[in-house]
Amino acid sequence: DFTRRDLLICDEAHNLESMLMNQLKLEFSKNDLKEYIKYDLKDDTIEDLNNASYSDWVLFIEEIKSSYVEELSKIENIAKPELLEKISALKRKVNDCNRFISNISYDPDSWIIDYDEEFEVLEFKPIKVDGYAVNTLFDFADVCLFMSATILDYELFAKWLGIKPSEIYAIRRKTPFDNTRNPIIVSNKYNLSRSYIKSNAPKTLELIEEILKNHKDEKGIIHTVSAECMRFIMD
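Residues numbered from 1 in each chain as written. Predicted model: local features only at pLDDT ≥ 70, side-chain atom pairs only at ≥ 80, totals over all residues. Heavy atoms only, no water.

**Thoughts on the sheet that holds strand β3 (residues 111-116)**
Moving on, step 1. What the three strands build is an open sheet, ordered β2-β4-β3; its pairing is antiparallel. At either margin of the open sheet sits one strand with a lone partner, and together these are β2 (26-29) and β3. Averaged over all pairs of adjacent strands, the angle between their axes in this sheet comes to 15°, without regard to strand direction. (Pairing = 2+ DSSP bridges. Helix = DSSP H or I, 4+ residues; strand = E, 2+ residues; numbered from the N terminus. Axes fitted to C-alpha atoms, helices over the stretch in contact; angles between N-to-C directions.)

**With respect to the side chain of Lys86**
Moving on, step 1. With respect to the helices, strands and loops of the structure, Lys86 is situated in helix α5 (residues 84-104).
Moving on, step 2. Here Glu71 takes part through its side chain, which lies 3.0 Å from a polar atom of the side chain of Lys86.
Moving on, step 3. Leave out the neighbours within four places in its chain, and Lys86 touches Glu35, Tyr36, Glu71 and Ile75. (Polar contact = N/O pair within 3.5 Å; in protein donor to acceptor, adjacent residues only side chain to side chain. Contact = heavy atoms within 4.5 Å.)

**What to know about the environment of Ser148**
Moving on, step 1. Residue position: Ser148 is located in the loop between β5 (141-146) and α7 (154-160).
Moving on, step 2. Separated by 47 residues in the primary sequence, Ser148 and Ile101 have C-alpha atoms spaced 33 Å apart.
Moving on, step 3. Residues contacting Ser148, with those up to four places away along its chain left out, are Ala13 and His14.
Moving on, step 4. Within polar-contact distance, the side chain of Ser148 engages the side chain of His14 at 2.7 Å.
Moving on, step 5. At a separation of 2.9 Å, a polar atom in the side chain of Ser148 contacts the main-chain amide nitrogen of Thr150.

**Re the pattern of salt bridges**
Moving on, step 1. This model, assessed by the stated rule, comprises 13 salt bridges.
Moving on, step 2. Between Asp40 and Lys42 there is a salt bridge whose closest N-O contact spans 3.6 Å.
Moving on, step 3. Overall, Asp40 belongs to the partly exposed group, its relative accessible area being 38%.
Moving on, step 4. When its relative accessible area of 47% is taken as the criterion, Lys42 is described as partly exposed.
Moving on, step 5. With a shortest N-O distance of 3.7 Å, Lys128 and Asp130 are connected by a salt bridge.
Moving on, step 6. The exposure class of Lys128 is partly exposed, given its relative accessible area of 48%.
Moving on, step 7. Owing to a relative accessible area of 29%, Asp130 belongs among the partly exposed residues under this scheme.
Moving on, step 8. Residues joined by salt bridges that share partners form a network here, namely Lys25, Glu27, Asp114, Glu123 and Lys125. (Salt bridge = Lys/Arg side-chain N within 4 Å of Asp/Glu carboxyl O. Buried < 20%, exposed > 50% of the residue type's maximum accessible area, 1.4 Å probe, protein only.)

Dropping the structure here:
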């Protein structure tokens, strides 16, 4: 349904690279494979795929796709509401496989395989999207307008998306807001990365109390990075 237009506006354009990556990559969840086609994705298979060529990847994906199609043919015409979600998911997965096979043939050497052991998800994805951004998105418009407050280097931005330097024109505008009224004050006292957060979180309470004291009669927000942090502060 995404047809050609005169103008394509991409807001928050600094996210474009990751968004395109998400569209291009192909994922297989161990749980989904078991649920939908009773396929057991074994560790040996993952290891073999890690050491295989892209043509072997395609054979593996064609095999999975055939199982999707077979399962879909069994249930597609059964009028049961509880099957609608599965039918929709299988159709989507078949389309994903077809899209991947088409995309990888364009530049097979730029793709990698990755397995997330925590979530048990196998991924096929390109290292970069610069060879795909134009024909998957930008070719759908005569002019593309990218908007963002955080593109620090527009030439690098263009390079990562495979846009020629001669085809991009940058317009910079200063913020209309008075940033002296809303300063960002950074504290580097505590390392709050995942491995340190439990030991360092209690130490932040003193700083939080100091901030609250300085803004005693004002409304404000404590914006935490996770529900775990939120509950810790509330407790």
